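Chains, contacts and geometry: an overview
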Amino acid sequence: MLDKRPIIGVMGSHDETWEEYAQPLGRMIADHDYHLLTGAGAGVMTAVSKAFCEQQDRAGLSIGIVPTVQYSGEFIPREQYPNPYIEIPILTPLDIKAQNDSTPFSRNYVNVMTSHAIIALPGAHGTKNEVSLAIQFKKPLILFGPDDAFNKFPDQPVRTQDIEEVREFLEKAVAKLHLDE
């Protein structure tokens, strides 16, 4: 029988790694035997996936939602996605991220809707869009990083810089899941 595990989505910057947050987060998710889901790109996505995959004896897998089309409509070169730490790449025919909040179909929807709980590290418009979607779809959500990095984000989510608070958040969110039903 399939052993179902919670899927923890980690969203964040494509340009910056935020290593001081991504590394302990990736290790903690792996230590809890959760699956990790990211957008399969660079920055936070690579940093958290690398830390996750380097953990010995983990049971969860690294899942990446891979965009295939640029805003221009051209295909994204395969060497850009997925990052080398993605074990299950899921290719989508969707844009990298919503071009604006009125562009409804992007891989951001797949990232948010597939995740059982979401941790957002600092990022730009795409991350902010994923946070808004998580709020809209009532997904368990926490922002992890320096408070000032989330100045332009919605006010509703809990914010923390403490990995222990993130661990407690995940344990509570996962306790509410009924994956075996």
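Structure's up top.
In what follows, the accompanying structure is described. These numbers were taken from a predicted model, which means no experiment stands behind them. Once a new chain begins, its residue numbering starts again from 1 and follows that chain's sequence as written. With pLDDT at 70 or above as the cut-off, local features in this predicted model cover only qualifying residues; side-chain atom pairs require 80 or more to be listed or tallied, and sums for whole chains, interfaces and linings still use all residues. No hydrogens and no water enter the side-chain calculation; it runs on all heavy atoms of the structure.

Right, let's get into the overall build of the protein. Secondary structure summary: the protein contains five helices and seven strands in total. For the purposes of this entry, the term helix denotes a DSSP run of H or I that reaches at least four residues, the term strand denotes a run of E that reaches at least two, and both are numbered from the N terminus. Mapped in sequence order, the helices and strands of the protein form the string β-α-β-α-β-β-α-β-α-β-β-α. Two things to know: the radius of gyration comes from C-alpha atoms, and the globule rule equals 2.2 Å times the number of residues to the power 0.38. Here the C-alpha radius of gyration of the protein, 15 Å, is about what a compact globule of 181 residues would show, namely 16 Å. Counting only C-alpha atoms, the protein reaches 40 × 40 × 35 Å along its principal axes. For the protein, with 181 residues in total, the buried portion stands at 48%. Taking contacts inside the protein between residues at least 6 apart in sequence as the whole, the part at least 24 apart equals 68%. Carbon together with sulfur atoms contributes 52% to the accessible area of the protein, which is approximately 9100 Å² in total. Taken as two groups, the 16 positive and 25 negative side-chain charges of the protein have centres that lie 4 Å from each other. When accessible area is computed with a 1.4 Å probe and restricted to protein chains, residues below 20% of their type maximum are described as buried, those above 50% as exposed, and intermediate ones as partly exposed. Between two residues, a contact is recorded if the distance between any of their heavy atoms is within 4.5 Å. For the area figures, the Shrake-Rupley method with a 1.4 Å probe applies, and any residue is considered shielded solely by the protein chains shown. In summary, the charge assignment counts Lys and Arg as positive and Asp and Glu as negative, without counting His or the chain termini. Throughout, a charge is located at the NZ atom of Lys, the CZ atom of Arg, the CG atom of Asp or the CD atom of Glu.

The alternating pattern of strand 6 (residues 141-144) places Leu141 and Leu143 and Ile142 and Phe144 on opposite faces, both of which are buried. A pair of strands is labelled paired if DSSP reports no fewer than 2 bridges between them. Here strand 5 (residues 117-120) pairs with strand 6 via three bridges, running parallel. By the bridge assignment for strand 6, isoleucine 118 is matched with leucine 141.

With parallel pairing, the seven strands of this open sheet are ordered in space as 4-3-2-1-5-6-7. The sheet terminates laterally at strand 4 (88-91) and strand 7 (158-160), the two strands that pair on one side only. Averaged over all pairs of adjacent strands, the angle between strand axes in this sheet comes to 25 degrees, irrespective of strand direction. Seen against the sheet, helix 1 (residues 19-31) touches strand 1 (7-11), strand 2 (35-38), strand 5 and strand 6 and runs at an angle of roughly 175 degrees to strand 1. Axes here refer to lines fitted to C-alpha atoms; in helices the fit is confined to the stretch in contact. Angles between the N-to-C directions go from 0 to 180 degrees.

Most of strand 3 (residues 62-66) is tucked away, with five of its five residues classed as buried. The alternating pattern of strand 3 places Ser62, Gly64 and Val66 on one face and Ile63 and Ile65 on the opposite face, and all of these are buried. Where strand 2 meets strand 3, three bridges bridge the pair, whose relative direction is parallel. When the sheet's bridge partners are listed, leucine 37 is paired in strand 3 with isoleucine 63. In the classification by handedness, the crossover that spans strand 2, the intervening helix 2 (residues 44-53) and the parallel strand 3 is right-handed. Note: strand 3 against strand 4, four bridges, orientation parallel. Paired with valine 66 across the strands is leucine 91, a residue of strand 4. Crossover handedness is defined here as right-handed if the route from the first strand over the helix to the second strand goes clockwise, with the strands pointing away from the viewer.

Once that is clear, we can look at the environment of alanine 149. Within the secondary structure, alanine 149 is located in the loop between strand 6 and strand 7. Taking relative accessible area as the criterion, alanine 149 reaches 22% and is therefore assigned partly exposed. For the pair alanine 149 and threonine 127, spaced 22 residues apart in sequence, the C-alpha separation works out to 12 Å. With near-sequence residues (within four places) excluded, alanine 149 lies in contact with Trp18 and Pro122.

Time to look at a nonpolar patch on the surface. Residues enter patches when they are more than 30% accessible in relative terms and free of salt bridges; like-charged ones are connected within 9 Å and nonpolar ones (Val, Leu, Ile, Met, Phe, Trp, Tyr) within 5 Å. Any Lys or Arg side-chain nitrogen located within 4 Å of an Asp or Glu carboxyl oxygen qualifies as a salt bridge. Residues Leu61, Ile88 and Ile90 make up a contiguous nonpolar surface patch of about 200 Å² in total accessible area. When you line up the elements, leucine 61 lands in the loop between helix 2 and strand 3.

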